[in-house]
Amino acid sequence: MTTKINALYTAHARATGGREGTGSTDDGKVSVKLSTPKELGGAGGEGTNPEQLFGIGYAACFIGALKFVGGRDKVAVPADTTIDSSVGIGQTPGGFGLEVTLKISLPGVEAEAADRLIAEAHKVCPYSNATRGNIEVTLVRV
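The rules we used
Residues numbered from 1 in each chain as written. Predicted model: local features only at pLDDT ≥ 70, side-chain atom pairs only at ≥ 80, totals over all residues. Heavy atoms only, no water. Axes fitted to C-alpha atoms, helices over the stretch in contact; angles between N-to-C directions. Helix = DSSP H or I, 4+ residues; strand = E, 2+ residues; numbered from the N terminus. Parallel < 35°, antiparallel > 145°, perpendicular 65-115°, else oblique. Left-handed = near helix turned anticlockwise from the far one by under 90°. Contact = heavy atoms within 4.5 Å. Nonpolar A, V, L, I, M, F, W, Y, C, P; charged D, E, K, R; others polar. Core = buried A, V, L, I, M, F, W, Y, C linked by side-chain atoms within 4.5 Å. Buried < 20%, exposed > 50% of the residue type's maximum accessible area, 1.4 Å probe, protein only. Pairing = 2+ DSSP bridges. Salt bridge = Lys/Arg side-chain N within 4 Å of Asp/Glu carboxyl O.

Participant: Provide a residue-level description of the packing of helix H1 (residues 50-73) against helix H2 (residues 111-124), including the pertinent values.
Facilitator: Running from N to C, H1 and H2 point in directions that differ by 115°, and their axes come no closer than 8 Å. One element, H1, and the other, H2, form an angle in the roughly perpendicular class. When you trace H1 past H2, the crossing you get is right-handed. Two secondary-structure elements touch here, H1 through Tyr58, Phe62, Ala65, Leu66, Phe68, Val69, Gly70, Arg72 and Asp73 and H2 through Leu117, Ile118, Glu120, Ala121, His122 and Val124. When grouped by side-chain class, the residues that make up the contact of H1 with H2 number 10 nonpolar, 2 polar and 3 charged.

Participant: Give me the lowdown on the nonpolar core, citing residues and values where you can.
Facilitator: The biggest cluster of nonpolar side chains holds 21 residues, and the ones touching the most others in it are Tyr58, Phe62, Leu66, Ile83, Leu102, Ile104 and Leu106. Among the secondary structure elements, those contributing two or more residues to this core are H1, strand E5 (95-105) and H2. No other element matches the 7 residues that H1 contributes to this core. Excluding anything up to four places from it in sequence, Leu102 contacts Tyr58, Phe62, Ile83, Asp84, Ser85, Thr138, Leu139 and Val140.

Participant: Pulling in residues and values, what's your account of the sheet that holds strand E3 (residues 31-33)?
Facilitator: Taken in spatial order, the 3 strands line up as E1-E2-E3 in an open sheet, and their pairing is antiparallel. Lying at the two open borders of the sheet, with one neighbouring strand each, are strand E1 (13-16) and E3. On average, each strand axis in the sheet is tilted by 10° relative to the strand beside it, whichever way the strands run. Pairing analysis gives 4 bridges linking E1 to strand E2 (residues 22-25), with the strands arranged antiparallel.

Participant: Please provide a residue-by-residue account of the pairing of strand E4 (residues 82-92), values included.
Facilitator: Note that E4 and E5 share 11 bridges and pair antiparallel. Note that in E5 the partner of Gly88 across the bridge is Glu99. Where E4 folds back on E5, the antiparallel hairpin that results is connected by 2 residues.

Participant: If you had to explain the sheet that holds E5 to someone new, which residues and values would you point to?
Facilitator: Spatially, E4-E5-E6 is the arrangement adopted by the 3 strands of the open sheet, whose pairing is mixed. The open sheet is flanked by E4 and strand E6 (136-141), the only strands paired with a single partner. Between one strand axis and the next, the sheet turns by 15° as a mean value, whatever way the strands run. Here H1 sits on the sheet in contact with E4, E5 and E6, set at roughly 135° to E4. Against the sheet, H2 contacts E5 and E6, and its axis sits at roughly 155° relative to E6.

Participant: I'd like to hear about the pattern of salt bridges, residue by residue, with values.
Facilitator: In this structure the tally under the stated criterion is 6 salt bridges. Between Arg72 and Asp73 there is a salt bridge, with its nearest N and O atoms 2.8 Å apart. We classify Asp73 as partly exposed; its relative accessible area is 37%. Of the charged contacts, one joins Glu120 and Arg72 as a salt bridge, the two residues approaching to 3.2 Å between their closest N and O atoms. Of this pair, Glu120 sits in helix H2 while Arg72 sits in helix H1, and the two are 48 residues apart along the sequence. Judged by relative accessible area, which is 23%, Glu120 ranks as partly exposed. One salt-bridge network, held together by shared partners, links Arg72, Asp73, Glu120 and Lys123.

Here it is in structure tokens:
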């Protein structure tokens, strides 16, 4: 069951040519060449790929969720918070699937408080909500 949202912002993008094509946003702020990695049978060219773009988006969004939860719960989220994401792609019985690992660094935040922030952020992050129950997401505090 899906939940209808009242969208506050809508991004618009276009891809052409699939994994060997290009992608861009309608406002011109993003324009990328796409290449298929060698591991997926491609040439491993100069371009990026959908998994890399997804990893960047998920990591950035999760930091936003950490800041939201931190503000709500009155826990300071350090400016130098980082997330290293890994997005794996592989075959499933019905096609292809993804798996994600987010390695979350909250410098100077006590371990128990950091774990609470991460757990709460995972509840509110739009990427987490979109993937929950669909792919394996592993959260690691580093």
